[in-house]
Amino acid sequence: IRFYYVRAVSFVGMNIEKALRHFLTNCGFRLPGEAQRIDRVISTFSQCYWEDNAGDIANCPFQDQDTCFLVAFAIIMLNTDLHKSQPSKSKTLKRMTRSEFIANLRHVCAADKFQSYIYDIYDAIEMTPILVTPNSPQRAKKKKRRGQGNTSSLPFKHDKDYATSLQAWVKSAKSTQELLRT
């Protein structure tokens, strides 16, 4: 089911960073906390990405699907490293640099050969983080504890917002049902 759901998404013409960003933010996936589950989701993504872009050297300069998997995982780790919250006062925060990112991928995808491609990925992640779980329950609980959340559990304040949100949810459910049927 996971494969066919992801296969319904087209990654044609996207570099791996844009495709992964699209996959994690627009396709209904939220990465789980467990490494084995993340592995399965990213493995499925890399298979579909590879099928869509194999042979397109500009967007996918990799030799095989396994390389796509490793680069996608490296992107997730980079995103986490660059955009993690501040540590306690006693610890200093060291972020991964471009050269460290290249060094991590050197033996995976001939990063020296595709250095500008890898640098573009690093720059894109550094500039705009991938918000992997923008509406996670943990984030909502933290906001409520800090007094930043709504008093209601609904993400709208007015009747018009409610109607608009409800229509969007219904459309989303219908398209998801159709996708699952196929």
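To keep things clear, this report deals only with the structure shown in the data block.

Cut-offs used in this document
- Residues numbered from 1 in each chain as written.
- Predicted model: local features only at pLDDT ≥ 70, side-chain atom pairs only at ≥ 80, totals over all residues.
- Heavy atoms only, no water.
- Helix = DSSP H or I, 4+ residues; strand = E, 2+ residues; numbered from the N terminus.
- Buried < 20%, exposed > 50% of the residue type's maximum accessible area, 1.4 Å probe, protein only.
- Contact = heavy atoms within 4.5 Å.
- Core = buried A, V, L, I, M, F, W, Y, C linked by side-chain atoms within 4.5 Å.
- Axes fitted to C-alpha atoms, helices over the stretch in contact; angles between N-to-C directions.
- Parallel < 35°, antiparallel > 145°, perpendicular 65-115°, else oblique.
- Left-handed = near helix turned anticlockwise from the far one by under 90°.
- Nonpolar A, V, L, I, M, F, W, Y, C, P; charged D, E, K, R; others polar.
- Salt bridge = Lys/Arg side-chain N within 4 Å of Asp/Glu carboxyl O.
- Phe/Tyr/Trp six-rings, centres within 6.5 Å; stacked < 30°, edge-to-face > 60°.
- Polar contact = N/O pair within 3.5 Å; in protein donor to acceptor, adjacent residues only side chain to side chain.

### Side note on the overall build of the protein chain
Part 1: When its secondary structure is counted, the protein chain shows 8 helices and 0 strands.
Part 2: Along the protein chain, from the amino end to the carboxyl end, the secondary structure elements read α-α-α-α-α-α-α-α.
Part 3: Within the protein chain, buried positions represent 32% of all 182 residues.
Part 4: A fraction of 61% describes how many contacts in the protein chain between residues 6 or more apart in sequence connect residues 24 or more apart.

### A closer look at the nonpolar core
Part 1: Core analysis: the biggest nonpolar cluster contains 42 residues, and Ile16 and Phe23 have the highest contact counts within it.
Part 2: Broken down by secondary-structure element, the contributors of at least two residues to this core are helix H1 (2-7), helix H2 (16-26), helix H3 (35-53), helix H4 (65-83), helix H5 (98-109) and helix H6 (115-127).
Part 3: Considering each element in turn, this core owes the most residues, 9 residues, to H4.

### A few points about the packing of H4 against H6
Part 1: Between H4 and H6, the shortest axis-to-axis distance is 9 Å and the interhelical angle comes to 40°. Relative to H6, the element H4 is oriented oblique. As H4 runs across H6, the sense of the crossing is right-handed. Contacts from Val71, Ile75, Leu78, Asn79, Leu82 and His83 in H4 reach Ile121, Tyr122, Ile125 and Glu126 in H6.
Part 2: Split by residue class, the contact of H4 with H6 holds 7 nonpolar, 2 polar and 1 charged.

### Things to note about the pattern of salt bridges
Part 1: Following the criterion strictly, the structure yields 6 salt bridges and no others.
Part 2: Taking the shortest distance from any N to any O, the salt bridge between Arg21 and Glu17 comes out at 2.8 Å. With Arg21 and Glu17 both in helix H2 and 4 residues apart, the pair spans about one turn of that helix. The exposure classification of Arg21 matches that of Glu17, with both residues buried.
Part 3: Between Lys94 and Glu100 there is a salt bridge, with its nearest N and O atoms 2.7 Å apart.
Part 4: Overlapping salt bridges bring together Arg7, Glu51 and Asp52 as one network.

### Details of the packing of aromatic side chains
Part 1: Using the criterion set out here, one finds 8 aromatic pairs in the structure.
Part 2: Aromatic side chains Phe11 and Phe23 sit 6.3 Å apart centroid to centroid with 70° between the ring planes, which places their arrangement in the edge-to-face category. Note that Phe11 is positioned in the loop between H1 and H2 and Phe23 in helix H2, a separation of 12 residues in sequence.
Part 3: For Phe11, a relative accessible area of 0% puts it in the buried group.
Part 4: Using a relative accessible area of 0% as the deciding quantity, one classes Phe23 as buried.
Part 5: Connected via pairs of aromatic rings, a cluster forms that spans Phe11, Phe23, Phe45 and Tyr49.

### What to know about the environment of Lys18
Part 1: Positionally, Lys18 belongs in helix H2.
Part 2: Sequence-wise, Lys18 and Asn59 are 41 residues apart; in three dimensions their C-alpha atoms are separated by 9.8 Å.

### Some thoughts on the side chain of Asp52
Part 1: Looking at the element boundaries, Asp52 is found in helix H3.
Part 2: A polar side-chain atom of Asp52 sits 2.8 Å from the main-chain amide nitrogen of Phe11.
Part 3: When near neighbours in sequence (up to four residues on either side) are disregarded, Asp52 contacts Arg7, Val9, Ser10, Phe11 and Val12.

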